[in-house]
Amino acid sequence: MDLILPSSGLIIWQLIGFLALLFILMKFAWKPILETLEERESSIDNALKAAEQAKAEMANLKSENEKLLQEARIERDNILKTANEASVKMIEDAKQAAISEGAKMIENAKAVIENEKKAALTEVKNHVAQLTLEVTGKLLRKNLSSQAAQQELVEGMVKDINLN
Amino acid sequence: MFRKFVCLSVLFTAALLTFSTPTFASGGDEDKTGFIMHHIKDSHEWHFATFGHTHVTLPLPVIIYSADRGLDVFMSSDFQDHDTHKFGEAYGTEGFYIDEHDHLQRADGASFTDLSITKNVAMLFLVILVMGYLVLSAASHYKKHGVKSPKGIASFIEPIVIFVRDEIAHKAIGPKYKKFVPYLLTLFFFIWIGNLMGLMPGAANLTGNIAVTATLAVLTFILVNVNGNKEYWKHVFMTPGVPIPLLLVIVPVEIIGLFTKPFALMVRLFVAITAGHIVILAFIALVFIFESYAIGVVSTLMVTFLNVIELLVATIQAYVFTLFTAMYIGGAVAEHEHH
């Protein structure tokens, strides 16, 4: 058979064989293979995208957590600070109140004492005055019955005045 | 390793020379190299080896269609001498005979069509079977396991499929590549497996046969021109940017260009594969011509080396045929002018 002259038989068989192969493989092989490959590629793409998204979400969540934690810390600090301040203030107030109350009580006591003292003194004075009057009355009645005694009294008084 | 190889080749050459001496001793140099062309060309029988007077052959069906007689089916052994296995006018059957050049002839000279299952047709069926098995069993894996990772044959087929789809079809054709991927895949695998199987000892030179490459080129030609869009045809018949008088020259050139593209495809594959086979067989023929052990060793080394090169050529030619097909399709379906 010739080298460069194509033989009709082989052309016909080649045409039939190749076209049959082409259509069989197209329908039963290439289509499912190519479809599966595409499906796999898209699923890999999707998985990668989902992983990327999950990663971003995780980072987001983490930063959010961090933020929440930070906020909580600040809040705690604030609360502690205000509590501290409040307690200090309360103690201070209580102290102040106690001091002022004490001072007031002392003041009152002093006033009462003063009053009592005054009353007592007045009573004593009155008593003394009364006693003095009584004594003086008695003495006067007894001693001044005579002229000499009266004289002596005046003289005594004068003497006292001089002493003073 | 190398020494073992040299020893083996000496032994092999010795065996070959011992067997071949009775066959070739009587003939001249023509007989000693005749097997090369015999291997390259198609034949009505599949000849594997000859030991002395024993011919190891596979007789193949000879199918003849003629307008007056209808379909006739014979075996190639009906047309040859039983001892020498030679074809000739003397060994004809029912008005047909196969001449010395392995051409089927009709004794009365009337017209007929030779539809015989020749050596290359048998090889074609083998290639189709192997390829169909490979690809279909790979496809069944995808059907069974879906998008899971490929196993077995599928993992062998898959990288090639992806390569053809992404590196050949997508790059050369552009956005509309999807429609053409099955054709390109079939083309690539057919040529590649055909080339590789053709390298096996005793195999036929299928992809180095001009009828096969011509058929593939014609299919590509039809596919390209059926899918040619307006711009493609405008480029052929009204080449933009060319003055009208020049169109008288350009248009015939463009029309010739339509045909030279598939012609180049046809010739390239045919020549590359046939030449490779001829070179390998020529180195083997040197052993018979010189009948020397030294040449035998050198030939074996060279043949091994050339076989490795041929493995490369088998792949490259399949790639090139597919790539050029994709590029021609790309030129026919492109939306924009590329200048």
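The structure presented is a predicted model; accordingly, all values stated were derived computationally and were not measured.

Along its length, chain B carries 9 helices and 7 strands. When its C-alpha atoms are laid out on the principal axes, chain B stretches across 70 × 60 × 50 Å. Buried positions account for 46% of the 339 residues belonging to chain B. Sequence separation of at least 24 residues holds for 64% of the intrachain contacts in chain B that already meet a minimum separation of 6. When the accessible surface of chain B is summed, it comes to about 17000 Å², and 71% of that surface belongs to carbon and sulfur atoms. Side chains of chain B carry 21 positive and 26 negative charges; the gap between the two charge centres is 18 Å.

Quick look at the packing of helix 3 (residues 119–145) of chain B against helix 4 (residues 153–173) of chain B now. Residues and elements named next belong to chain B. As a packed pair, helix 3 and helix 4 sit with axes 8 Å apart at the nearest point and diverge in direction by 100 degrees. The angle between helix 3 and helix 4 places the two elements in the roughly perpendicular class. Touching Y133, L134, V135, S137, A138, H141 and Y142 of helix 3 are I153, A154, F156, I157 and E158, all from helix 4. A class-by-class count of the residues in the contact of helix 3 with helix 4 yields 9 nonpolar, 2 polar and 1 charged.

Let's shift gears to the interface of chain B and chain A. Facing 56 residues of chain B, the contacting portion of chain A comprises 35 residues. A buried area of about 3900 Å², summed over both sides, lies between chain B and chain A, and 77% of it is on carbon and sulfur atoms. Summed over the shared surface of chain B and chain A, the result is 9 residue pairs in polar contact (both at pLDDT 80 or more). Where the side of chain B that touches chain A is concerned, the elements lending two or more residues are helix 2 (29–40), strand 7 (113–114), helix 3, helix 4, helix 5 (181–198), helix 6 (210–226) and helix 8 (244–290) of chain B. If you tally residues by element for the side of chain B that touches chain A, the top one is helix 3 of chain B, at 13 residues. Here the residues of the side of chain B that touches chain A are counted per class, giving 32 nonpolar, 15 polar and 9 charged.

Turning to a nonpolar patch on the surface, a few remarks are in order. All names here are of chain A. A cluster of nonpolar residues, L140, L153, V154, M157 and V158, forms a patch on the protein surface that exposes about 410 Å² of accessible area. Examining the composition of the nonpolar patch, we find that 4 residues originate from one element, helix 2 (residues 147–163), more than from any other. Residue position: V154 is located in helix 2.

To continue, consider the UniProt feature "transmembrane region" (unreviewed entry) in chain A. Feature annotation in UniProt places "transmembrane region" (unreviewed entry) on residues 12–30 of chain A, given in this structure's numbering. The distance from the first to the last C-alpha atom of residues 12–30 of chain A is 24 Å, and the span holds 100% helix and 0% strand.

Quick look at the domain arrangement of chain B now. All names here are of chain B. In terms of domain boundaries, chain B breaks down into domain 1 (47–117) and domain 2 (119–333). Distance between the C-alpha centres of domain 1 and domain 2: 31 Å. Contact with domain 2 buries surface across domain 1, with F48, L60 and I117 losing the most and accounting together for 78% of the total. For the interface between domain 1 and domain 2, the tally reads 0 salt bridges. The tally of links from domain 1 across to domain 2 stands at 0 residue pairs in polar contact (both at pLDDT 80 or more). The class makeup of the residues in the side of domain 1 that touches domain 2 is 3 nonpolar, 1 polar and no charged.

Procedures and definitions
- Per chain, the residues get numbers from 1 upward, laid out in the order the sequence is written.
- Whichever chain is written first becomes A and whichever ligand is written first becomes 1, with later ones labelled in order.
- In keeping with the predicted nature of the model, local features appear solely for residues at pLDDT of at least 70, side-chain atom pairs appear and are counted solely at 80 or more, and the whole-chain, interface and lining totals rest on all residues.
- The basis for every side-chain value is the complete set of non-hydrogen atoms in the structure, without hydrogens or water.
- We count a stretch as a helix when DSSP gives it H or I for four or more residues in a row; a strand needs E for two or more, and each element gets its number in order from the N terminus.
- The buried label goes to any residue with under 20% of its type's maximum accessible area, the exposed label to any with over 50%, and the partly exposed label to all in between, with areas taken from a 1.4 Å probe on protein chains only.
- In what follows, residue pairs with any heavy atoms lying within 4.5 Å of each other are defined as contacts.
- We get accessible surface area from the Shrake-Rupley algorithm with a probe of 1.4 Å; when it comes to residues, only the shown protein chains can shield them.
- We count Lys and Arg on the positive side and Asp and Glu on the negative side, and we leave His and both chain ends out.
- In plain terms, the charge of a residue is placed at NZ if it is Lys, CZ if Arg, CG if Asp and CD if Glu.
- In this analysis an axis means a line fitted to C-alpha atoms, helices contributing only their contacting stretch, and an angle means the value between N-to-C directions, from 0 to 180 degrees.
- Small angles under 35 degrees read as roughly parallel and large ones over 145 as roughly antiparallel, with 65 to 115 read as roughly perpendicular and the rest as oblique.
- Only Asp, Glu, Lys and Arg are considered charged in this grouping, and only Ala, Val, Leu, Ile, Met, Phe, Trp, Tyr, Cys and Pro are considered nonpolar; every other residue, Gly among them, is considered polar.
- Accessible area, probed at 1.4 Å, shrinks when two parts are joined; the buried area is that loss added up over both.
- Throughout this description, a polar contact denotes any pair of N or O atoms lying within 3.5 Å of each other; where both atoms belong to protein, one of them has to be capable of donating a hydrogen while the other can accept it, and for residues adjacent in sequence the pair is counted only when both atoms sit in side chains.
- Only residues whose relative accessible area exceeds 30% and that form no salt bridge enter a patch; like-charged residues are grouped when within 9 Å of one another, and nonpolar side chains (Val, Leu, Ile, Met, Phe, Trp, Tyr) when within 5 Å.
- Salt-bridge detection follows one rule: a side-chain nitrogen of Lys or Arg within 4 Å of a carboxyl oxygen of Asp or Glu.
- UniProt positions are given in the numbering used here, feature names are shortened, and annotations may be inferred rather than shown by experiment.
- The source of the domain bounds is an automatic or database domain assignment.

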